[in-house]
Amino acid sequence: MKKEYNTEQKRRIVGFLCANRDRHFTVEEIAAEVCNGSNLGKSTVYRHISKLLESGEIRRFEVDNSRNFVYQYADVHDGCNTHYHLKCVKCGRFIHMECQQLDLVREHIKEEHGFIIGQNRAVLYGQCSDCVTV
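About the criteria used
- Residues numbered from 1 in each chain as written.
- Predicted model: local features only at pLDDT ≥ 70, side-chain atom pairs only at ≥ 80, totals over all residues.
- Heavy atoms only, no water.
- Buried < 20%, exposed > 50% of the residue type's maximum accessible area, 1.4 Å probe, protein only.
- Helix = DSSP H or I, 4+ residues; strand = E, 2+ residues; numbered from the N terminus.
- Pairing = 2+ DSSP bridges.
- Salt bridge = Lys/Arg side-chain N within 4 Å of Asp/Glu carboxyl O.

J.: Looking at this structure, I do not really get the pairing of strand β3 (residues 84–88). What am I missing?
T.: Taken residue by residue, a regular strand's side chains alternate between the two faces of the sheet. For β3, the buried fraction is high: four of the five residues fall into the buried class. Here β3 pairs with strand β4 (residues 94–97) via four bridges, running antiparallel. Across the sheet, the residue bridging to Lys87 is Phe94, located in β4. Examined bridge by bridge, β3 and strand β5 (residues 123–126) share four bridges and lie parallel to one another. Opposite His85, over in β5, you have Val123 as the bridge partner.

See the structure below:
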C-alpha cells in the first residue's frame, strides 16, 4: 500500500474545506482560495481532491445533472452518510439534516416501491430560510 503524506498543500485544502463545512465548492473555487499567494498550483489541487475523495475525507456532488461537481468536507466520524442534506439554490448553503419524517418516507419508498435511497447522496434542493423571499 502506498504511504500517504500529510503535506502542506493537503493541509491547506483540508483546512479550507473543514472551515467551510456547511458549503461546497468547485475545484476552481478551492484552488482560488488555497493557491492565492502560494506556490500551490491548480493541478496539485486537482490531484489532492482526487485523493481526498478516494479516502472519504471529502464528498462529491453533481450539480444540476451536469458533468460539473462540487466538493465538501466529510468528517468520516460525523455520520454524514446517515442523514439527508439540503442545498440552497440561491446562496449555496449546504445543511446537514436529521429528520425522522424523511426516514419514514425512505422506508415507505423501500417497502412500497422497492427502491433504496442512498442517504450519502440524498440532497434536497430549495431555498434556505435566509434566502426565502416573501
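J.: Would you mind going over the pattern of salt bridges with me for this structure?
T.: Where side chains of opposite charge bring their charged atoms close, a pairing between them can arise. For the coordinates displayed, the defined rule picks out four salt bridges. Between Arg11 and Glu8 there is a salt bridge, with its nearest N and O atoms 3.3 Å apart. On the criterion of helical spacing, the pair formed by Arg11 and Glu8 is a turn pair, its members being three residues apart in helix α1 (residues 8–19). Note on Glu8: relative accessible area 44%, which makes it partly exposed. Close ionic contact of Glu107 with Arg106 constitutes a salt bridge, the shortest N to O distance being 3.4 Å. By relative accessible area, which is 33% here, Glu107 ends up partly exposed. In this structure, a network of salt bridges that share partners links the residues Asp103, Arg106 and Glu107.

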